[in-house]
Amino acid sequence: MSQKHSGSWNNGNTVKPTIEKFSGKGCGDEFGICANPEFLREGSGIHDTLHPDRIIIGEIDKKAGDTLENLYKDFYGNEMPPLIRTNIPTAELIKYANNAFLATKISFINEIANICEKIPSADVTVVARGIGLDKRIGPLFLQAGLGYGGSCLPKDVKALIAHSKKLGYKPMLLKAVNKINETQPYRAIELCKKPSATSKGKHIAILGLAFKPNTDDVRNAVSIKIIKKLLKEGASIIVYDPVATPNIKKKFKNSIQYAPSPLDCIKNADCCILVTEWDQFKTLKPEDFVQNMKQPIIIDGRRIYNVELFDRKLKFMAVGLGRTYNKPK
């Protein structure tokens with residue numbers, strides 16, 4: 001059998017005794033166990049299944065590993081991806097280390113973004129492009145924003161921290177990665193409060209609710225943290241998302257408003273926070289915000305808008321952009 005991802009780091013000792021007890025068979029002789037972690041991205045699962053970067057097989061015995069490897073060879077044929085065979089604890093740790101490293105890249109560039117905001121004319125998107133050209137670093141997961149969410153990265157980073165503590169090790173870097181991500185969403189609120197130092201009484205529009213585009217998943221979504229904080233501070237909120245609105249309604253019910261379109265969302269708003277980088281938001285022009293908002297102030301939390309274009313037309317602020325307001329006309 002293949003154990004997809006147990007997170008136990010115990011060489012199969014959770015699954016193995018249970019199967020032996022109820023089957024009456026012995027592991028290694030009559031059945032085998034493999035840990036076979038998956039690395040599928042939400043929203044791209046079919047593509048990633050057909051075109052994986054690698055296959056990891058953690059095995060209790062060689063026969064089980066051979067069986068699983070042959071299955072993959074039959075499936076992928078000449079397009080067989082790189083394959084690593086190891087023991088079960090190492091295979092499981094590869095999964096956690098993989099996600100923890102991706103989370104680290106995100107928190108790193110978000111920390112650089114926060115530094116950029118303190119430096120006039122500094123722009124994290126250019127910094128990211130510059131360091132991403134270094135082959136040792138690469139461009140992926142260097143998009144500064146309001147933090148990561150979803151079911152995988154937050155869970156796996158916290159799980160690795162917790163397990164490390166059980167082992168008697170203090171994972172200082174991972175704790176910093178998690179801490180940065182916990183506080184990063186509130187950067188949008190701080191930017192939103194710049195003009196008047198408060199969000200109380202403001203009517204704030206939020207574009208994007210899902211933790212990432214092309215999904216309705218709001219687990220650990222940045223939008224939830226922002227909405228909760230703004231409600232606590234006395235703001236009124238209206239939101240829009242192409243597909244995730246029903247899931248947010250389950251959490252906030254009538255405490256916020258729900259718009260049927262992006263333009264309806266920003267209508268008469270004092271400030272707009274762009275939270276999820278849906279493609280339809282990328283088509284919005286400065287004029288859309290100027291003509292519909294009470295105060296055309298936009299916080300680009302995902303850096304999808306052209307700075308020079310938007311900066312000429314409205315009060316434009318963005319994560320990692322080293323200026324607070326647009327230049328006087």
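The sections below set out a description of the structure shown in this document. No experiment lies behind these values; they were computed from the predicted model shown.

## Regarding a nonpolar patch on the surface
For step 1, the next point in the chain: Taken together, the side chains of Ile46, Leu50 and Phe75 define a hydrophobic patch exposed on the protein surface, amounting to about 340 Å² of accessible area.
For step 2, the next point in the chain: Turning to its location among the elements, Ile46 is positioned in helix H2 (residues 45-50).
For step 3, the next point in the chain: By relative accessible area, which is 69% here, Ile46 ends up exposed.

## Here's the deal with the nonpolar core
In a soluble, globular protein the nonpolar side chains are often hidden away together inside.
For step 1, the next point in the chain: Core analysis: the biggest nonpolar cluster contains 63 residues, and Leu207, Ile226, Phe289 and Tyr305 have the highest contact counts within it.
For step 2, the next point in the chain: Take this core: its biggest share by element is 5 residues, from helix H9 (residues 222-232).
For step 3, the next point in the chain: Those residues within four positions of Leu207 in sequence are excluded, and the remaining contacts are Tyr240, Pro262, Cys265, Ile266, Cys272, Ile273, Leu274, Val275, Thr276, Phe281, Leu284 and Phe289.

## Here's the deal with the pairing of strand S4 (residues 83-86)
For step 1, the next point in the chain: Note that strand S3 (residues 55-59) and S4 share 4 bridges and pair parallel. Within the sheet, the bridge partner assigned to Ile55 lies in S4 and is Leu83.
For step 2, the next point in the chain: A crossover links S3 with its parallel partner S4, the connecting element being helix H3 (residues 62-76), and its sense is right-handed.

## What about the pairing of strand S10 (residues 315-318)?
For step 1, the next point in the chain: Pairing analysis gives 4 bridges linking strand S9 (residues 297-300) to S10, with the strands arranged parallel. If you follow Ile297 over to S10, its bridge partner there is Lys315.
For step 2, the next point in the chain: The β-α-β motif built from S9, the intervening helix H14 (residues 307-313) and the parallel element S10 has right-handed crossover chirality.

## Examining the packing of H9 against helix H10 (residues 245-252)
For step 1, the next point in the chain: In the contact formed by H9 and H10, the axes pass within 12 Å of each other and the chain directions differ by 40°. Classified by the interaxial angle, the pair formed by H9 and H10 is oblique. Where H9 crosses over H10, the two elements pack in a sense that is right-handed. Counting all contacts with H9, which are made through Ser223, Ile224, Ile227, Lys228 and Leu231, the residues of H10 involved are Ile248, Lys251 and Phe252.
For step 2, the next point in the chain: Of the residues assigned to the contact of H9 with H10, the class counts are 5 nonpolar, 1 polar and 2 charged.

## What about the sheet that holds S9?
For step 1, the next point in the chain: Taken together, the 6 strands give an open sheet; going across it, the order is S7-S6-S5-S8-S9-S10, and neighbouring strands pair in parallel fashion. Because the sheet does not close on itself, it has two edges, and the strands there are strand S7 (257-258) and S10.
For step 2, the next point in the chain: Bridge count for strand S6 (residues 236-240) against S7 is 2 bridges, and the pairing is parallel. Note on S7: the bridge partner recorded for Ile238 is Gln257.

## Digging into unusual backbone geometry
For step 1, the next point in the chain: The phi dihedral of Asn268 is positive, around 65°, even though this residue is not glycine.
For step 2, the next point in the chain: Among the secondary structure elements, Asn268 is positioned in the loop between helix H11 (262-266) and strand S8 (271-274).
For step 3, the next point in the chain: For Asn268, a relative accessible area of 48% corresponds to the partly exposed category.
For step 4, the next point in the chain: Here Arg303, not a glycine, exhibits a phi torsion of approximately 55°, which is positive.
For step 5, the next point in the chain: Structurally, Arg303 can be placed in the loop between S9 and H14.

## Observations concerning helix H5 (residues 124-132)
For step 1, the next point in the chain: Of the positions making up H5, those classed as buried are Val124, Ala128 and Gly132. Taken end-on, H5 shows its buried residues confined to a sector of 70°, consistent with a single buried face.
For step 2, the next point in the chain: Along its buried surface, H5 packs onto helix H4 (88-116).

## So, the packing of aromatic side chains
For step 1, the next point in the chain: In the structure shown here, the tally under the stated rule is 7 aromatic pairs.
For step 2, the next point in the chain: Each member of the aromatic cluster is reached from another via a ring pair, and the members are Phe289, Tyr305, Phe310 and Phe316.
For step 3, the next point in the chain: The ring of Phe39 has Arg54 lying over it, and the distance from NZ or CZ to the ring centre is 3.7 Å.
For step 4, the next point in the chain: One Lys or Arg, Lys249, reaches over the ring of Tyr258 and ends 5.1 Å from the middle of that ring.

## Considerations on the side chain of Glu69
For step 1, the next point in the chain: Assignment of secondary structure puts Glu69 in helix H3.
For step 2, the next point in the chain: Not counting chain neighbours up to four residues away, the residues in contact with Glu69 comprise Ile57, Leu83 and Arg85.

## Some remarks on the packing of H4 against helix H7 (residues 172-183)
For step 1, the next point in the chain: H7 packs onto H4 with a crossing angle of 55° between their chain directions and a minimal axis gap of 9 Å. By the angle between their axes, H4 is oblique relative to H7. Like other packed secondary-structure pairs, H4 and H7 cross with a definite hand, here left-handed. Side by side, H4 and H7 meet where Ala100, Ala103, Thr104, Ser107 and Glu111 of the first sit next to Leu174, Val177, Ile180 and Asn181 of the second.
For step 2, the next point in the chain: Partitioning the contact of H4 with H7 into residue classes produces 5 nonpolar, 3 polar and 1 charged.

Analysis parameters
- Residues numbered from 1 in each chain as written.
- Predicted model: local features only at pLDDT ≥ 70, side-chain atom pairs only at ≥ 80, totals over all residues.
- Heavy atoms only, no water.
- Patch = residues over 30% accessible without salt bridge, like charges linked within 9 Å, V, L, I, M, F, W, Y side chains within 5 Å.
- Areas by Shrake-Rupley, 256 points an atom, 1.4 Å probe, with all protein chains shown as cover.
- Salt bridge = Lys/Arg side-chain N within 4 Å of Asp/Glu carboxyl O.
- Helix = DSSP H or I, 4+ residues; strand = E, 2+ residues; numbered from the N terminus.
- Buried < 20%, exposed > 50% of the residue type's maximum accessible area, 1.4 Å probe, protein only.
- Core = buried A, V, L, I, M, F, W, Y, C linked by side-chain atoms within 4.5 Å.
- Contact = heavy atoms within 4.5 Å.
- Pairing = 2+ DSSP bridges.
- Right-handed = clockwise from strand over helix to strand, strands pointing away.
- Axes fitted to C-alpha atoms, helices over the stretch in contact; angles between N-to-C directions.
- Parallel < 35°, antiparallel > 145°, perpendicular 65-115°, else oblique.
- Left-handed = near helix turned anticlockwise from the far one by under 90°.
- Nonpolar A, V, L, I, M, F, W, Y, C, P; charged D, E, K, R; others polar.
- Arc of directions from axis to C-beta.
- Phe/Tyr/Trp six-rings, centres within 6.5 Å; stacked < 30°, edge-to-face > 60°.
- Lys NZ or Arg CZ within 6 Å of the ring centre and 35° of its normal.

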